[in-house]
Amino acid sequence: MISFAVPLPEKTLIAHIRRMALLGGARGGNRALLTGIGDDCAVVRLRPAHDILVTTDFSLEGVHFRRSWHPPESVGHRCLARGLSDIAAMGGLPTAVFLSLALPAELPQRWVERFARGFVTLARNYDAPLAGGDTAESPHGILADIIVMGMVPRGEAVRRAGARPGDRIYVSGELGGSAAALARMTEKGKGKLNPRDYPGHFFPQPRIELGRALREKGLVSAMIDISDGLSTDLAHICEASGVGAEIEAEAVPRASVGKAAHPVDLPVALHGGEDYELLFTAPSGKRIPSRIAGVPITRIGNVVRRRKILLMNRGGMRCELEPQGWEHFKK
């Protein structure tokens, strides 16, 4: 593969990314995309009796990633994982993805190629073809803007506003791994970590199949992905549903990270963001397996009528769990 010192001219860059997207078949088994990169608009054919899901997300250099910390493949992967995780949280399937890139003139072309490889590989893994986007020159740092389209059978999208008192609260996977990696990079100063020791941060896996299975089996009453942290995202469900929650501190599944694989501290699991696991509620009469679509499922608490979120320890002591996850513009 030819590599250049700076990003290619716009027309050539778009053609280059298009070739990468088409390598191995951009559409795969996805027949919804009729026309992708190359026209003024993509043409997407929706299935009858389905609703369309649309989500957007920014990835900003210095906010969501740093070139000195994150390999380009990880930046591309994480950029798309954010949007795919939103589709998973609604119980949907991705249909097409769009990527707009603003790149500084001094950025090596090799970095762009590796970024695109990480992005396109994840898109292909979830049968979500890259259908279009835009490019521009950035005066300050890299900006990647994505749009992800998905679909769900009509009226079946899982929302945040369905939790009811008496429902049980569950979470997939383990929490805090991404935030622990970020804290470690900040502490070390140089910021270099081996991605294999922190896969949840560098290459998070959106829970598309899990979200779909939960919807199809009718197991969930409300759902959200954990992007801002358990405490904050649980507060979103409670606010939308007009309820409260009681969480068992010992039940929260904590990620083990690093070469020695030590579990993260409880506050990191409660408040750390970018785990991209699914947090959901289910009626008490529903039997929730301990593993769905290959992903561990843990019950962590209950939905209650009183509009507060309480954290309980094994001794029965309770304290209010304030949302302390990520929030833009927070002072």
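Everything below is about the structure printed above this text.
Here the structure is a predicted model, which means the values were calculated and not measured.

**Student:** Residues and numbers for the overall build of the protein chain, please.
**Tutor:** Broken down by element type, the protein chain carries 8 helices and 16 strands. When each of the 331 residues of the protein chain is scored for burial, the buried share is 51%. Per element, the accessible surface of the protein chain, about 16200 Å² overall, is 52% carbon and sulfur.

**Student:** Got a sec to walk through unusual backbone geometry? Specific residues and values, please.
**Tutor:** Residue Ala 49 is not a glycine yet carries a positive backbone phi of 60°. Residue position: Ala 49 is located in the loop between β2 (43-44) and β3 (50-60).

**Student:** An account of helix α6 (residues 208-216) is requested, with residue identities and associated values reported.
**Tutor:** Those residues of α6 that fall on the buried side of the exposure criterion are Ile 208, Leu 210, Gly 211, Ala 213, Leu 214 and Arg 215. After α6 finishes, the residue Gly 218 shows a positive phi value of roughly 65°.

**Student:** Describe the side chain of Ser 172, listing the residues and the values that go with them.
**Tutor:** As for its placement among the helices and strands, Ser 172 is situated in strand β7 (residues 168-172). On the accessibility criterion, Ser 172 (0% relative accessible area) is buried. Engagement of the side chain of Ser 172 in a polar contact is seen with the side chain of Glu 277, the distance being 2.5 Å. Here the side chain of Ser 172 touches Leu 278 through a polar contact of 2.9 Å, landing on its backbone nitrogen.

**Student:** Quick one: what's the story with the side chain of Asp 233, residue by residue and with numbers?
**Tutor:** Mapped onto the secondary structure, Asp 233 falls in helix α7 (residues 230-241). A polar contact is formed between the side chain of Asp 233 and the backbone nitrogen of Asp 228, at a distance of 3.0 Å. Setting aside residues no more than four positions away along its own chain, Asp 233 makes contact with Ile 224, Asp 225, Ile 226, Ser 227, Asp 228 and Leu 279.

**Student:** Tell me about α7, and please be specific about residues and values.
**Tutor:** For α7, built from 12 residues, the straight-helix expectation of 16 Å at 1.5 Å per residue is met to within 8% by its first-to-last C-alpha distance of 16 Å. Burial analysis of α7 places 9 of its 12 residues in the buried class, the great majority of the element. Within α7, burial applies to Leu 230, Ser 231, Thr 232, Asp 233, Leu 234, Ala 235, Ile 237, Cys 238 and Ser 241. Positive backbone phi, at 70°, marks Gly 242, one or two positions downstream of α7.

**Student:** So what's going on with the packing of aromatic side chains? Residues and values would help.
**Tutor:** Evaluated as defined, the whole model comprises 4 aromatic pairs. Seen in terms of ring centroids, Trp 111 and Phe 115 are 5.6 Å apart; in terms of plane orientation they differ by 15°. Their pairing is stacked. Here the residue Trp 111 and the residue Phe 115 both occupy positions in helix α3 (residues 109-125), the gap between them amounting to 4 residues, near one helical turn. Grouping residues by exposure puts Trp 111 and Phe 115 together as buried. Among the aromatic residues, ring-to-ring pairing joins Phe 65, Trp 111, Phe 115 and Phe 119 into one connected group. Just above the ring of Trp 69 sits the side chain of Arg 66; from NZ or CZ to the centre is 4.2 Å.

**Student:** Can you tell me about the pattern of salt bridges, naming the residues and giving the values?
**Tutor:** Under the counting rule described, the total for this entry stands at 13 salt bridges. Notably, a salt bridge pairs Glu 216 with Arg 215, separated by 3.9 Å at the nearest N-O pair.

**Student:** Now, about the environment of Ala 180: what can you tell me, with residues and values included?
**Tutor:** Structurally, Ala 180 can be placed in helix α4 (residues 177-188). Distance from Ala 180 to Ala 255, taken between C-alpha atoms, is 8.9 Å for residues 75 residues apart in sequence. For Ala 180, the residues in contact, after removing those within four places along its chain, are Val 257, Val 264 and Val 268.

**Student:** Describe the sheet that holds strand β6 (residues 143-153), naming the residues involved and giving the relevant values.
**Tutor:** Each strand in a sheet pairs with another by means of backbone hydrogen bonds, the pair being arranged parallel or else antiparallel. Spatial ordering of the open sheet is given by β3-β6-β4-β5, a layout of 4 strands whose pairing is mixed. Looking at which strands have only one partner, the edges of the open sheet turn out to be β3 and β5 (130-137). In this sheet, adjacent strand axes meet at a mean angle of 15° when their direction is disregarded. Bridge count between strand β4 (residues 93-103) and β6: 9 bridges; the pairing is antiparallel.

**Student:** Lay out the pairing of strand β15 (residues 309-312) in plain terms, naming residues and giving numbers.
**Tutor:** On β15, burial covers both faces: Ile 309 and Leu 311 on one face and Leu 310 and Met 312 on the other are all buried. With 4 bridges joining them, strand β9 (residues 244-248) and β15 adopt parallel strand pairing. Directly across from Ala 245, in β15, lies its bridge partner Ile 309. Taken together, the 3 bridges between β15 and strand β16 (residues 318-320) define a ladder with antiparallel strand orientation. Each residue of the ladder has a partner; that of Leu 311, found in β16, is Cys 319. Here β15 folds back onto β16, and the loop between the two strands holds 5 residues, one of which, Gly 316, carries a positive phi near 90°.

How each quantity is defined
Residues numbered from 1 in each chain as written. Predicted model: local features only at pLDDT ≥ 70, side-chain atom pairs only at ≥ 80, totals over all residues. Heavy atoms only, no water. Helix = DSSP H or I, 4+ residues; strand = E, 2+ residues; numbered from the N terminus. Buried < 20%, exposed > 50% of the residue type's maximum accessible area, 1.4 Å probe, protein only. Areas by Shrake-Rupley, 256 points an atom, 1.4 Å probe, with all protein chains shown as cover. Polar contact = N/O pair within 3.5 Å; in protein donor to acceptor, adjacent residues only side chain to side chain. Contact = heavy atoms within 4.5 Å. Expected span 1.5 Å × (residues − 1). Phe/Tyr/Trp six-rings, centres within 6.5 Å; stacked < 30°, edge-to-face > 60°. Lys NZ or Arg CZ within 6 Å of the ring centre and 35° of its normal. Salt bridge = Lys/Arg side-chain N within 4 Å of Asp/Glu carboxyl O. Pairing = 2+ DSSP bridges. Axes fitted to C-alpha atoms, helices over the stretch in contact; angles between N-to-C directions.

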